[in-house]
Amino acid sequence: MGDVIEMLTAGLPPGAVMTDPEVMASYAHDMASFSEAGAPQAVVLPRTAEDVQHVMRTATAARVPVVPQGARTGLSGGANAVDGCIVLSLRKMDRILEIDPVDRIAVVEPGVVNAVLSRAVAERGLYYPPDPSSWEQCTIGGNIGTGAGGLCCVKYGVTAEYVLGLDVVLADGRLLSTGRRTAKGVAGYDLTRLFVGSEGTLGVVVKAVVALRPAPPQQLALVAEFPTAAAACAAVCAIMEGGHVPSLLELMDGTTIRAVNAMAQMGLPESTEALLLAAFDTPDPAADLAALGELCRAAGAAEVVPAQDAAESELLLQARRLSLTALEKVSTATMIDDVCVPRGRLGEMLDGVAAVAERFGLTIGVCAHAGDGNTHPVVCFDAHDPDESRRARESFDEIMALGLALGGTITGEHGVGLLKRDWLARELGPTGMELQRGIKAVFDPLGLLNPGKVF
């Protein structure tokens, strides 16, 4: 171990290598429940691509595993340390290198915080759409690693749609440049897309070229209250079938509504079993909201409340922003799921989760990116109660199985990490897993990059 620390220190700036046990413990895990974390032998904070190359060359020479990290806001254990590893935190590589309004791109280092990039490009009249809920903390490198999504995905898509090119340090320390900065480009295999969502198992991203859009008009929102989750999901289907393109289409179930009411006293009717929140950033959002409101009423909405301006829109959306915080107050711990199903089966998913909650005697609230079928069941449980913790874990597996049975996927935006490795095998099947492991072996033949994650 001492030789590894000496090798690392010899090629890095002062202070880049940390070995204090308490400091290393703070870098040992992300925000996932039920995901074990090991004890690293060092935490390294590089500032340049050359620093990262030195770390990977050292790790290869010493046969030491490396766990790349962003802000550790992930929810699947993908950034958790393994015993004896080098934790490679990219947080200090946080420069926005370029914003080009002609080609509508930004060039950034991996430690740039999502919100920082969004605000920087907004000052130039541009827009970086991916907006995970943790956008004030999460980094672009972490978003690329997990293939992150967000509230705007229904119209603008996920992180993968915005990554044009990457600089990646491979397991042996070589630097690979993939992709392009041009509007089009189809030369060779799409290695850029391969790295997006790879959770640090194929290489370490040290620079990214991301696509930007012109800044859209200020969005206007609407909230619709439904007596049943099925009615709200019917409205979602009608909206999408009708060709509408909202910039946001979110759903909260009755359990989540009551949790928000209890925390924030928002005065939402206790009889409301589902809340649908929609927004448009079109040239005439009021007209679009009016059409959407009619579809909600036809599906059985008890109340439809459109905002009159941006300030009212923010007030209406506040309930959705408070969802997770409110559910966290229900018990001592939460386990946040991430299951995506076809939009047409969203109602079955919500009904199924409610049945799981009843069967296991747990509180499970669901908030969802309804426009793209991505549900986030939040299992609330007492972490100090072994039996309740067991039931929470078992309920999680039931929800995974339900999502696959409905033709969905085990993760829409959080990644696989440690939490869903077994379920990935069930989704991909033997042939899919064989090919995926083969790709991993090409990029990382010694198995040093984020071992134990995904597979």
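See the structure printed just above.
Residues numbered from 1 in each chain as written. Predicted model: local features only at pLDDT ≥ 70, side-chain atom pairs only at ≥ 80, totals over all residues. Heavy atoms only, no water.

Colleague: Which parts of the structure should I look at to understand the pairing of strand β10 (residues 204-211)?
Modeller: The side chains of a regular strand alternate between both faces of the sheet. For β10, the tally of buried residues reaches 7 of 8 residues, placing the bulk of the element in the interior. As defined by bridge partners, strand β6 (residues 105-108) adjoins β10 across 4 bridges and the pair is classed as antiparallel. Among the inter-strand pairings, V107 is bridged to a residue of β10, identified as V209. Judged from the 6 bridges that link them, strand β8 (residues 163-169) and β10 form a sheet pairing that is antiparallel. (Buried < 20%, exposed > 50% of the residue type's maximum accessible area, 1.4 Å probe, protein only. Helix = DSSP H or I, 4+ residues; strand = E, 2+ residues; numbered from the N terminus. Pairing = 2+ DSSP bridges.)

Colleague: In this structure, what is going on with the environment of P306? I would like to understand it.
Modeller: Among the structural elements, P306 can be located in strand β15 (residues 303-306). Sequence-distant contacts of P306, that is, excluding residues within four places in its chain, are made with A221, L222, E312 and L316. (Contact = heavy atoms within 4.5 Å.)

Colleague: Just checking my understanding: could you explain the side chain of D51 for this structure?
Modeller: Summarising the element assignment, D51 is placed in helix α3 (residues 49-62). It turns out D51 is buried and unbridged, and the closest side chain with the opposite charge, R47, is 6.7 Å from it. (Lys, Arg positive; Asp, Glu negative; His and termini not counted. Salt bridge = Lys/Arg side-chain N within 4 Å of Asp/Glu carboxyl O.)

Colleague: Quick question: what am I supposed to make of the pattern of salt bridges here?
Modeller: Any two side chains of opposite charge can pair, on the condition that their charged atoms come close. Under the defined criterion, the tally for this structure stands at 21 salt bridges. One salt bridge in this structure joins D444 and K440, with 2.7 Å as the shortest N-O distance. With a relative accessible area of 14%, K440 lands in the buried category. Salt bridges sharing partners connect three or more residues here, namely D387, E388, R390, R391 and E394.

Colleague: Looking at this structure, how should I read the packing of aromatic side chains?
Modeller: A ring pair, where both rings are aromatic, is described by two values, the distance of the centres and the angle of the planes. A complete count under the given rule lists 4 aromatic pairs for this structure. Taking 5.4 Å as the distance between ring centres and 80 degrees as the angle between the ring planes, the aromatic pair formed by F195 and F443 counts as edge-to-face. Placement of F195 in helix α7 (residues 191-195) and of F443 in helix α15 (residues 421-443) is noted, with a sequence separation of 248 residues between them. With respect to class, F195 is no different from F443; both count as buried. (Phe/Tyr/Trp six-rings, centres within 6.5 Å; stacked < 30°, edge-to-face > 60°.)

Colleague: Which parts of the structure should I look at to understand the packing of helix α14 (residues 386-405) against α15?
Modeller: To describe two helices that pack against each other, one gives the angle between their axes and the distance between the axes. Axis separation between α14 and α15 bottoms out at 11 Å; the angle between their running directions is 15 degrees. Put simply, α14 runs roughly parallel to α15. Viewed along their axes, α14 and α15 form a crossing whose handedness is right-handed. Contacts between α14 and α15 involve D397, M400, A401 and L404 from the former and W423, R426 and E427 from the latter. Of the residues that constitute the contact of α14 with α15, the class distribution is 4 nonpolar, no polar and 3 charged. (Axes fitted to C-alpha atoms, helices over the stretch in contact; angles between N-to-C directions. Parallel < 35°, antiparallel > 145°, perpendicular 65-115°, else oblique. Left-handed = near helix turned anticlockwise from the far one by under 90°. Nonpolar A, V, L, I, M, F, W, Y, C, P; charged D, E, K, R; others polar.)

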